Amino acid sequence: SRVRETIQSSPYGLHYGTYKAAAKDEYASEALALQLTLVARSGVYPKRWESATQLLMAKSKGECDIDNCRYLILYEADFNFFKHHFVGDVGNDSINNIGKMPEEHSAKKGCTSVDATFDSILATDICRQSRIPMAIASVDASQFYNRVLHLMLWFVWYSLIKIKNVFQTILSCLQLMSFYQRSGFGDSPTSYGG
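The shown structure was predicted, so the numbers you read here are calculated from the model rather than taken from an experiment. Note on numbering: residues in each chain are counted from 1, in written sequence order. Local features are withheld for residues below a pLDDT of 70 in this predicted model, meaning they are given only at 70 or higher, and side-chain atom pairs are given and counted only at 80 or more; totals for whole chains, interfaces and linings count all residues. Heavy atoms throughout the structure, all of them, feed into the side-chain values; hydrogens and water do not.

Draft legend 1. The arrangement of helix H2 (residues 26–42) in detail. Strands are runs of DSSP state E lasting at least 2 residues, helices are runs of H or I lasting at least 4, and numbering of each runs from the N terminus. Each helix should span, by expectation, one fewer than its residue count multiplied by 1.5 Å. With 17 residues, H2 extends 24 Å from end C-alpha to end C-alpha; this agrees with the ideal 24 Å at 1.5 Å per step. Accessible area is worked out with a 1.4 Å probe on protein chains only. A residue is then buried under 20% of its type maximum, exposed over 50%, and partly exposed in between. All of the buried residues in H2 are Leu36, Val39 and Ala40. Buried residues along H2 cover an arc of 100° about the axis, so they all sit on one side. Seen from the buried face of H2, the exposed residues on the opposite side, beyond 90 degrees, are Glu26, Tyr27, Glu30, Leu34, Leu38 and Arg41. To be clear, the arc concerns the directions from the helix axis to the C-beta atoms.

Draft legend 2. Structural detail: the pattern of salt bridges. Here a salt bridge means any side-chain nitrogen of Lys or Arg lying within 4 Å of a carboxyl oxygen belonging to Asp or Glu. The tally for this structure, following the rule as stated, stands at five salt bridges. A salt bridge links Arg48 to Asp78, with the shortest nitrogen-to-oxygen separation between them at 2.6 Å. Of this pair, Arg48 sits in the loop between H2 and strand S1 (51–58) while Asp78 sits in helix H3 (residues 77–98); the two residues are 30 residues apart in sequence, bridging distant segments of the chain. Each member of the pair, Arg48 as well as Asp78, carries the same accessibility label: buried. Residues joined in a network through salt bridges with shared partners are Arg48, Glu76 and Asp78.

Draft legend 3. The arrangement of the packing of helix H1 (residues 16–23) against H2 in detail. For helices, the fitted axis covers only the stretch in contact; all axes are lines through C-alpha atoms, and the angles between them, taken along N-to-C directions, range from 0 to 180 degrees. The geometry of H1 relative to H2 is characterised by a closest axis approach of 6 Å and an angle of 120° between their N-to-C directions. Put simply, H1 runs oblique to H2. Between H1 and H2, the residues in contact are Tyr19, Ala22 and Ala23 and Ala28, Ser29 and Leu32, respectively. Residues that form the contact of H1 with H2 fall into these classes: five nonpolar, one polar and no charged. Oblique is the label for any angle not covered by the other classes, which are roughly parallel (under 35 degrees), roughly antiparallel (over 145) and roughly perpendicular (65 to 115). Contacts are residue-level and defined by heavy atoms, with any inter-residue pair within 4.5 Å sufficient. The nonpolar class holds Ala, Val, Leu, Ile, Met, Phe, Trp, Tyr, Cys and Pro. Asp, Glu, Lys and Arg form the charged class, and all remaining residues, Gly among them, are polar.

Draft legend 4. Structural detail: the sheet that holds strand S2 (residues 69–74). Strands were regarded as paired on the criterion that DSSP finds at least two bridges between them. Read across the sheet, four strands follow the order S2-S1-S3-S4 without closing on themselves; strand pairing throughout is mixed. Of all the strands in the sheet, the pair left with one neighbour each is S2 and strand S4 (186–193). Direction aside, the axes of adjacent strands within the sheet are offset by 30° on average.

Structure below.
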């Protein structure tokens, strides 16, 4: 209910307005919940989840050059909800419940980006002085999985979520995904990836 209806989705045309309308109807919301439950338990997902639309948008007003742009990937609305629920909500709850939030994580309550940077530098200095092997990877495993090594995601999600079918479903979707390009001239009829 928090998502705006005008947010676009992938090439199949099922947008968030469809699901917002279904949320108001008891029968339709039960059917959608059953569908996502079956996907989570079985690991079998709709084929349309393997398609996404990719578009290049300007970060801010001004000159339109590649340095001022970023890629957005529009997934299917129900796939987006599925991965947000399990990776975002369940994963964050798992991290907070087991107390495994790293010190340098800036999402902690009352923590600023300066605190996170200082904690990261302090952790590397301590490891260097103690001669302890260490590696730091800037990985946002809850949002930007299209730019993260999927094996690393598998390890992170397996340690947090513990529901093997869920993260295998999400990762197999991402591995097999076909990307269609959207520009000012419309959507491309061909895709890459998959």
